[in-house]
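Architecture and fold: a report
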Amino acid sequence: MRELDSDGFAALVESIPHAISVHDRDRNVVFSNSACAALIGYDTEEFANLEHEQLFHPDDAELWGTMLARVLGTENPSATAHLRLRHRAGHWIWVLVAASTFIAGTDRLVALVLQDVSDTIWGNPTAARQPIR
């Protein structure tokens, strides 16, 4: 099997129609595809410059922190949870966030895949309060 160089890998991730972002241990954005930015109403450059912690609903901040600590710690290299993000237009959207870690060179990074599940959650709010899996 042929290996992709970094440009090929970036093109692959950009072509995927799901919101994907990669963060370092300090929660800085290393990479995000345009679907990720579009999910919350921003272009890719604006998304990279956002203070991402402020995008999460205040009631979900602790869950977000626990989820990241879990995947960055030794407990489990992956986790999923329902969280609310503020769209650029000001409204909240529910997303299913799947987080996993991987090693790139000497760096341990966190990959996030986000899926808008607002239609499902608004109709069944208890579905959102499931524990991190």
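This section reports on the structure supplied with the text. (Residues numbered from 1 in each chain as written. Predicted model: local features only at pLDDT ≥ 70, side-chain atom pairs only at ≥ 80, totals over all residues. Heavy atoms only, no water.)

Let us now look at the packing of aromatic side chains. Under the counting rule described, the total for this entry stands at 1 aromatic pair. Each ring, one from Phe56 and one from Trp64, has its centre 4.4 Å from the other, and the planes form 20°; the classification is stacked. Pair check on accessibility: Phe56 and Trp64 agree, each one buried. (Phe/Tyr/Trp six-rings, centres within 6.5 Å; stacked < 30°, edge-to-face > 60°. Buried < 20%, exposed > 50% of the residue type's maximum accessible area, 1.4 Å probe, protein only.)

Another point: the pairing of strand E4 (residues 92–104). Direction of pairing for strand E3 (residues 78–86) relative to E4: antiparallel, over a ladder of 9 bridges. Pairing of Ala79 across the sheet is with Ala99, part of E4. The hairpin formed by E3 and E4 contains 5 residues between the paired strands, and Gly90 there has a positive phi angle of roughly 105°. With 10 bridges joining them, E4 and strand E5 (residues 107–116) adopt antiparallel strand pairing. (Pairing = 2+ DSSP bridges. Helix = DSSP H or I, 4+ residues; strand = E, 2+ residues; numbered from the N terminus.)

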